[in-house]
Amino acid sequence: MFVTTSLLAALACSRVAAPPPPAITRIAKAVPPPATAVVTADAGMPAIPMAYEPPLYAIPIAKIDEAVEQAIAEAKIPGCVVAIGRRDSVLVEKAYGDRQIQPFREPMTVDTLFDLASITKPMATAASLMVLVDRGLVSLDDLASKFVPELKNFGKADITIRQIMTHTAGLRADTPLDDAKLGRAEMVRRAIAAPLRAKPGERVLYSDVGYLLIQEIVERVSKTSLDRFAHDFLYAPLAMNETMFNPPAEFRVRAATTESRDGAWIRGVVHDPRAYYSGGVAGHAGLFSTAHDVGRFARAMLHGGELDGARVLTPHAVDTFFAPNDLPGAIRATGWDIQSAFSSNRGTMLSRRAVGHGGYTGTSIWIDPQYDLFVIVLSNRVHPDGKGAVNALAAKIADIAVSAIPSAKPTILKAVCDKEDVLTGIDVLERGKFDELRGAHVALLTNQTGRDKSGTRTIDLLRAADDIDLVSIWTPEHGVEGAVDDKVADSVDEATGVPVYSLYGARLSPNDDMLNGIDTVVVDLQDAGTRFFTYASTMHRAMKVVAPRGIHFMILDRPNPIDGVTIGGPVSSHAFASFVNHLDLPVRHGLTLGELAELANSDEHLGARLEVVRMIGYRRTASYDDTNLAWVNPSPNLRSVTEALLYPGIGLLEGGNISVGRGTETPFEIVGAPWVDAKALAHALGNDALLGASFSAIDFTPTSSSFANEVCHGVKITVTDRGHVDPIRIGVAIARELQLASPTTWKLDGIASSLANAKTLDAIRAGKNVNDIQATWSNDLAAFRAKREKYLLYAAGPCP
């Protein structure tokens with residue numbers, strides 16, 4: 001898709017005009033800020049959609065001073081500039097140490113120009129591509145070969161732009177230096193011809209070569225060079241007047257010196273050798289900037305793509321830019337890091353929405369939309385001998401900055417074993433006096449399970465809270481009272497008069513009318529810990545609808561009632577995607593609803609403004625009755641923790657012509673049908689090595705659902721050891737024994753949608769033993785276990 005040079009003019013017309021850039025004030029020496037810097041809000045600055053105005057807080061400068069001075073004393077860095085702020089202001093901008101110690105010492109100043117190294121990738125190359133994406137000229141899921149046809153000749157025709165941007169294209173890390181010395185055109189040609197190091201999408205291989213290809217795409221589509229494009233459509237509008245490739249002499253004199261090359265110290269010339277031989281402009285390195293300018297870029301991103309009246313990206317484009325992507329062993333955004341082997345500079349307290357990047361020369365930036373915060377540490381740690389290190393310092397400074405924010409919480413909460421200390425998301429929100437929702441216009445997705453520790457409904461709490469407008473209530477399957485076992489109609493909540501919209505009736509997802517006047521969706525639902533329980537699917541559908549609209553999506557988290565450690569059962573495949581099989585999950589996933597939301601947001605790179613209000617005191621090894629929380633039936637037929645525990649296995653059978661106990665006093669604890677030989681089934685299950693449970697023959701007559709008012713013969717399942725029982729093994733064993741005993745009567749295909757895995761269904765049909773049936777999902781389960789680790793919000797213990 002090639003366009004003419006008129007594209008630049010067209011793009012310029014589509015951009016909000018920028019005011020004349022302010023004059024740059026030269027700072028001769030570092031000017032320390034006050035001991036603490038207090039946030040002040042700029043009321044005249046339009047905000048991206050946020051539920052509330054962030055409170056005032058102070059950054060503890062003394063702690064940052066101490067951390068930096070220690071790093072300098074240990075020769076980790078010669079000096080640095082630290083900048084911390086939020087969308088409406090800069091809180092800290094301070095220089096430390098020296099920007100050069102060889103051949104003579106020169107003090108660091110706040111206007112020092114730094115070689116940003118790999119921060120070029122997000123701040124120049126990826127950001128430029130996002131300008132083209134925002135205008136509809138490129139899609140992240142386009143094939144790269146659409147724009148660089150040469151890729152087709154070397155087995156790279158199917159690589160997508162998203163894979164390149166997230167380092168999963170399988171490309172080599174960099175090019176041989178001898179190739180670079182031949183000039184950029186020849187270096188890129190040889191890089192295109194080089195064999196892949198991995199199958200695209202198979203694993204993360206950090207690649208400078210990929211960003212040379214993104215540079216090619218930007219330049220071929222725009223018909224202009226990367227440096228000019230980035231200047232015209234990013235840096236000039238944002239008045240980033242000291243951000244550039246190949247800085248001229250008047251800027252180089254205040255650049256931070258890096259290492260030596262050919263007997264001369266490198267100062268104001270790109271350190272990366274491949275970028276150097278490319279004329280100083282490369283997709284992976286070459287950008288220079290100051291802490292002040294990098295802060296302006298961060299502020300614009302926090303402000304939804306706009307700063308001081310100049311817009312460079314739409315809010316939706318920024319959300320797409322920052323959207324998490326689930327990758328093998330990592331989470332990355334489009335050009336940014338989130339959680340990977342390279343993210344040691346992010347610290348432990350930034351939110352799950354934070355994106356960032358580091359540079360080899362000693363640079364670091366993290367931008368956190370949830371906490372409305374940016375943290376920039378620019379150093380020249382490679383000076384003078386290439387042996388410095390800055391990541392630990394950058395991480396420490398990030399933690400210091402986040403610790404000043406009243407609403408900030410650690411990434412992984414410590415286990416608390418006292419039952420009295422377990423607080424769900426609504427309890428945590430209530431304890432904070434609902435500050436995180438102040439000024440919000442809320443749609444609340446909830447039902448009878450949404451209650452605080454005292455039993456007060458979340459509906460009533462939000463309705464009564466100051467400065468919160470509860471606009472509507474959304475309800476999943478079973479309705480707002482959890483009593484309907486059919487499609488649910490819209491209604492009005494009797495106690496509050498708030499309209500109730502069903503997401504399990506005429507609609508399964510929120511529509512435009514339901515979103516009118518809404519800036520925040522709050523979810524408070526008790527999930528059952530099983531893939532085909534519909535509340536998580538309803539949450540997921542709602543998040544998909546609101547994400548492109550920039551609506552704040554808040555999960556008030558609750559425990560996984562059957563523990564947050566154990567996973568099991570076949571992982572659903574795309575072929576069985578449905579309302580219940582909304583993600584590729586095993587039957588028992590071991591995640592909370594908040595963790596599921598984090599996974600879904602990354603898996604589908606939704607870019608949702610997701611916030612999980614995490615529990616306090618929850619340890620993931622706990623079952624629901626290990627907490628201090630009162631059990632509220634999540635649905636009419638899950639009346640105890642035991643029934644919830646058996647549900648993943650017995651619920652698998654529901655699509656077949658069998659009763660699982662609905663319409664009795666013990667649903668999911670009994671299984672049978674008029675055609676079943678109860679004694680034979682109980683005896684067969686007793687021989688299937690099903691630990692933690694016993695089986696006894698039983699006759700029962702359900703009053704509703706399958707075989708209503710008919711006598712059924714089957715088994716009663718008694719859990720004898722919760723620590724060893726495997727409900728899914730029990731479920732497939734029952735399906736197997738019914739298939740062996742009554743292959744023409746038992747409708748095995750009826751359970752295909754809940755199994756959602758053809759290999760497992762075929763193994764049951766073939767009458768394989770239970771161990772062999774389990775083996776059909778073991779590899780997929782191991783892969784899911786590794787993937788799941790990235791989204792865990794809670795510690796497992798151990799407890800004393």
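Calculation rules
Residues numbered from 1 in each chain as written. Predicted model: local features only at pLDDT ≥ 70, side-chain atom pairs only at ≥ 80, totals over all residues. Heavy atoms only, no water. Helix = DSSP H or I, 4+ residues; strand = E, 2+ residues; numbered from the N terminus. Rg over C-alpha atoms; globule rule 2.2 N^0.38 Å. Buried < 20%, exposed > 50% of the residue type's maximum accessible area, 1.4 Å probe, protein only. Contact = heavy atoms within 4.5 Å. Areas by Shrake-Rupley, 256 points an atom, 1.4 Å probe, with all protein chains shown as cover. Pairing = 2+ DSSP bridges. Axes fitted to C-alpha atoms, helices over the stretch in contact; angles between N-to-C directions. Expected span 1.5 Å × (residues − 1). Polar contact = N/O pair within 3.5 Å; in protein donor to acceptor, adjacent residues only side chain to side chain. Parallel < 35°, antiparallel > 145°, perpendicular 65-115°, else oblique. Left-handed = near helix turned anticlockwise from the far one by under 90°. Phe/Tyr/Trp six-rings, centres within 6.5 Å; stacked < 30°, edge-to-face > 60°. Lys NZ or Arg CZ within 6 Å of the ring centre and 35° of its normal. Nonpolar A, V, L, I, M, F, W, Y, C, P; charged D, E, K, R; others polar.

A.B. asks: Teacher, can you tell me more about the overall build of the protein chain here?
C.D. replies: On a plain count of helices and strands, the protein chain comes out with 24 helices and 30 strands. Its C-alpha atoms give the protein chain a radius of gyration of 29 Å, near enough to 28 Å, the size a compact globule of 800 residues would have. Projecting the C-alpha coordinates of the protein chain onto the three principal axes gives extents of approximately 90 × 60 × 55 Å. Within the protein chain, the proportion of its 800 residues that are buried is 61%. Sequence separation of 24 or more characterises 72% of the internal contacts of the protein chain that already satisfy a separation of 6 or more. Approximately 28,700 Å² of the protein chain is accessible, and the part contributed by carbon and sulfur atoms is 53%.

A.B. asks: Looking at this structure, how should I read the sheet that holds strand β7 (residues 244–245)?
C.D. replies: Sheet strands pair by backbone hydrogen bonding; their relative direction is either parallel or antiparallel. With antiparallel pairing, three strands are arranged side by side in an open sheet as β6-β10-β7. Of all strands in the sheet, those bounded by a partner on one side alone are β6 (114–115) and β7.

A.B. asks: Would you explain the sheet that holds strand β30 (residues 712–719) in this entry?
C.D. replies: Spatially, three strands are ordered β28-β30-β29 in an open sheet, and the strand pairing comes out antiparallel. Lying at the two open borders of the sheet, with one neighbouring strand each, are β28 (670–673) and β29 (693–700). Averaged over all neighbouring strand pairs, the angle between strand axes comes to 20 degrees, with direction disregarded. Sheet topology note: the β28/β30 ladder contains four bridges and is antiparallel.

A.B. asks: What is the right way to read helix α21 (residues 727–741) from this model?
C.D. replies: Along an α-helix, a turn takes 3.6 residues, which lines up residues three or four apart on a common side. With 15 residues, α21 should reach 21 Å at 1.5 Å per residue; the first-to-last C-alpha distance of 21 Å fits that figure. Counting buried residues in α21 gives 13 out of 15 residues, a clear majority hidden from the surface. The opening residue of α21, the one whose side-chain oxygen lies 3.1 Å from the backbone nitrogen of I728, is D726.

A.B. asks: Looking at this model, I keep getting lost on the side chain of S128. Mind explaining?
C.D. replies: With respect to the helices and strands, the residue S128 is situated in helix α3 (residues 120–134). By relative accessible area, which is 0% here, S128 ends up buried. Reaching out from S128, the side chain makes a polar contact with the backbone oxygen of A124 at a distance of 2.7 Å. Look past the residues within four positions of S128 in its chain and what remains in contact with it is V218, L226, F229, A230 and L234.

A.B. asks: Before we go on, may I ask you to explain the packing of α21 against helix α24 (residues 770–788) in this structure?
C.D. replies: The angle between the axes and the distance between the axes are what describe a pair of packed helices. Two numbers describe how α21 lies on α24: the axes approach to 10 Å, and their chain directions differ by 120 degrees. Put simply, α21 runs oblique to α24. As for the relative orientation of α21 and α24, their crossing is right-handed in sense. In contact with I728, R729, V732, A733 and R736 of α21, α24 contributes V770, N771, I773, Q774 and W777.

A.B. asks: Can you walk me through helix α13 (residues 391–403) in this structure?
C.D. replies: If you check α13, its first and last C-alpha atoms are 18 Å apart, about what 13 residues at 1.5 Å a residue would give, namely 18 Å. Buried within α13 we find L393, A394, A395, I397, A398, D399, I400, A401 and V402. Here the buried face of α13 lies against β2 (58–60), α2 (61–73), β3 (79–86), β17 (363–368) and β18 (373–379).

A.B. asks: What am I meant to see in the packing of aromatic side chains here?
C.D. replies: Any aromatic ring pair is given by two values, namely how distant the centres are and how the planes are angled relative to each other. Tallied over the entire structure, the rule returns 14 aromatic pairs. Look at Y206 and F342: their rings are 4.9 Å apart centre to centre, the planes differ by 40 degrees, and that puts the pair in the tilted class. Of this pair, Y206 sits in the loop between α6 (184–193) and α7 (208–222) while F342 sits in the loop between β15 (337–339) and β16 (355–359), placing them 136 residues apart in sequence. Judged by relative accessible area, which is 48%, F342 ranks as partly exposed. Measuring from centroid to centroid gives 6.3 Å for W675 and W746, while their planes differ by 35 degrees, and the two rings are tilted. With W675 in the loop between β28 and α20 (678–686) and W746 in the loop between α21 and α22 (752–755), the pair connects residues that are 71 residues apart, well separated along the chain. For W746, a relative accessible area of 3% puts it in the buried group. One cation-aromatic arrangement involves R261 over Y276; the distance from NZ or CZ to the ring centre is 4.0 Å. It is K487 that lies over the ring of Y504; its NZ or CZ is 4.6 Å from the centre.

A.B. asks: What is the right way to look at the packing of α2 against α13 in this model?
C.D. replies: The geometry of α2 relative to α13 is characterised by a closest axis approach of 10 Å and an angle of 175 degrees between their N-to-C directions. On the basis of the axis angle, α2 is roughly antiparallel to α13. Each of K63, I64, A67, V68, Q70 and A71 in α2 lies in contact with α13, whose residues at this interface are L393, K396, I397 and I400. Residues of the contact of α2 with α13, tallied by class, amount to seven nonpolar, one polar and two charged.

A.B. asks: Help me understand the pairing of β18, please; the structure alone is not making it clear to me.
C.D. replies: Walk down a regular strand and you will see the side chains alternate between the two sheet faces. Burial runs high along β18: seven of the seven residues are buried. Of the two faces of β18, the one carrying L373, V375, V377 and S379 and the one carrying F374, I376 and L378 are both buried. In this structure, β3 lies alongside β18, joined through six bridges in antiparallel fashion. Looking at the pairing, I84 lines up with V375 of β18. Judged from the six bridges that link them, β17 and β18 form a sheet pairing that is antiparallel. Following the sheet pairing, W366 is matched in β18 by V375.

A.B. asks: Any chance you could explain the environment of F668 here in plain terms?
C.D. replies: Within the fold, F668 resides in the loop between α19 (641–650) and β28. For the pair F668 and I717, spaced 49 residues apart in sequence, the C-alpha separation works out to 8.4 Å. Dropping the residues within four chain positions of it, F668 is found in contact with N637, L638, E643, L646, Y647, I650, G651, E654, V660, G661, R662 and I717.

A.B. asks: Explanation requested: unusual backbone geometry in the structure shown.
C.D. replies: Most peptide bonds are trans, and most residues other than glycine sit at a negative phi. For the peptide bond that leads from Q102 to P103, omega is 5 degrees, which places it in the cis range. Tracing the chain through its elements places P103 in the loop between β4 (89–100) and β5 (106–107). Here the bond from H383 into P384 is cis, since omega is 5 degrees, no more than 30 degrees from zero. Checked against the element boundaries, P384 lands in the loop between β18 and α13.

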